[in-house]
Amino acid sequence: MNVRSITENLGLEVINLGSGMDISVSSVECCDLLSIAMGNLPPDCAWVTVMSNINTLAVASLTDAACVILALNTQVTDEFTNKAAEAGITVLRSEDGIFETALAVHDLICRE
Amino acid sequence: MCDHQQCIHLTYNVSGDDFTTAGEASSNFKKKLMDLGVDRKTIRRVSISMYEGEINMVIHANGGVIDAYICTDHIDLILKDQGPGIPDIDKAMQVGYSTAPAQVQALGFGAGMGLPNIKNNTDDLSIETELGVGTTLRMRINLED
C-alpha cells in the first residue's frame, strides 16, 4: 500500500505532495515527542502526529518516513508548508484523532 | 587511529536558539552521504546521531560547530560547543532525563532521548565537558562492508 493509495482510500487532505507518493508504506507510527520519534520511526513508515512545527519535518526527513499525517485537523503555518515543499516531504491531514487515523492506515496496510 | 588526512572533511556551523534552521546541518550531511552512495542503514544512524547532537547544541549551548569526516571505513562526527557544559554526564545519558526548558518541550523536544539515541546509533561515543567552557562530542559510525 503506497502513500498515494492511503491518501485516496482515506480521503486525506494533501498539505504537500512530496516526492514519495509511490513509496510502499511499511508501518504506521504514532508519536508527538520528536526525540522518541527520531529514535524509533522505522524507514518508510506513515507517521501520525499532532506536532506541526518545522522540526517535525526534519525528523521525518532524517528517519526516511514515507509521509507525515497530521491528525485532529492540525493546522500548519506557511513556513511549515514551504519547508515541506522544499524538502519534498509528503504531508497529509486527517480530521480524525491520532488513534483512529493510525488504525485506518494500519487496516489498509494489513488488507494487502 | 584515523588522523583524517585522507578523509572528506565537511564543517557545519550551528546557530543557537534557532529552531527554524535546526537540523539543516544534519539534512545537508545526509544528502552528501546519499550522493556518495553510502548505504541507507548507515545514513540513518548518522542522521539520528548528528541531529540529536545538533539539537542539543541549539537548545543548550547557543550553537556550535560540527566537523564531519567521511573516511574509508567509518564516519566521524565531532560536535564542539562553548555552552555551559554538562554537570552530570551519567544523568544526562539516562533515558528520560532532560533539562530542556518548557518552551523547548512545547516544540516536542525534551523527552530525554538525545544522548541515549546517539549512544544507540554510534559505534563509539566520547563526551568531554567542562562547566562554563563547553562540550565536545566525538562519535564514530562504522561503514557497512
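Refer to the structure printed above.
Definitions and cut-offs
- Residues numbered from 1 in each chain as written.
- Chains lettered and ligands numbered in written order.
- Predicted model: local features only at pLDDT ≥ 70, side-chain atom pairs only at ≥ 80, totals over all residues.
- Heavy atoms only, no water.
- Buried < 20%, exposed > 50% of the residue type's maximum accessible area, 1.4 Å probe, protein only.
- Helix = DSSP H or I, 4+ residues; strand = E, 2+ residues; numbered from the N terminus.
- Pairing = 2+ DSSP bridges.
- Right-handed = clockwise from strand over helix to strand, strands pointing away.
- Salt bridge = Lys/Arg side-chain N within 4 Å of Asp/Glu carboxyl O.

**A few points about the pairing of strand β3 (residues 46–49) of chain A**
All names here are of chain A. Side chains Ala 46 and Val 48 of β3 all project onto a buried face; the interleaved residues Trp 47 and Thr 49 project onto the opposite face, where all are buried too. Direction of pairing for strand β2 (residues 28–30) relative to β3: parallel, over a ladder of 3 bridges. Among the inter-strand pairings, Glu 29 is bridged to a residue of β3, identified as Trp 47. In this fold, β2 hands off to helix α2 (residues 34–40), which returns the chain to β3; that crossover is right-handed. Note that β3 and strand β4 (residues 67–70) share 4 bridges and pair parallel. Paired with Val 48 across the bridge in β4 is Ile 69. Read as a crossover between parallel neighbours, the route from β3 over helix α3 (residues 54–62) to β4 is right-handed.

**Focus on the pattern of salt bridges**
One pass over the structure, following the stated rule, counts 11 salt bridges over all chains. Across the pair B:Lys41 and B:Glu144 runs a salt bridge, and its minimum N-O distance is 3.9 Å. Residue B:Lys41 is found in helix α2 (residues 40–60), and its partner B:Glu144 is found in the segment after β5 (134–142); the two are separated by 103 residues along the sequence. Since its relative accessible area comes to 55%, B:Lys41 is described here as exposed. Three or more residues are tied together by salt bridges with common partners; here these are A:Asp44, A:Asp64, B:Lys30 and B:Arg40.

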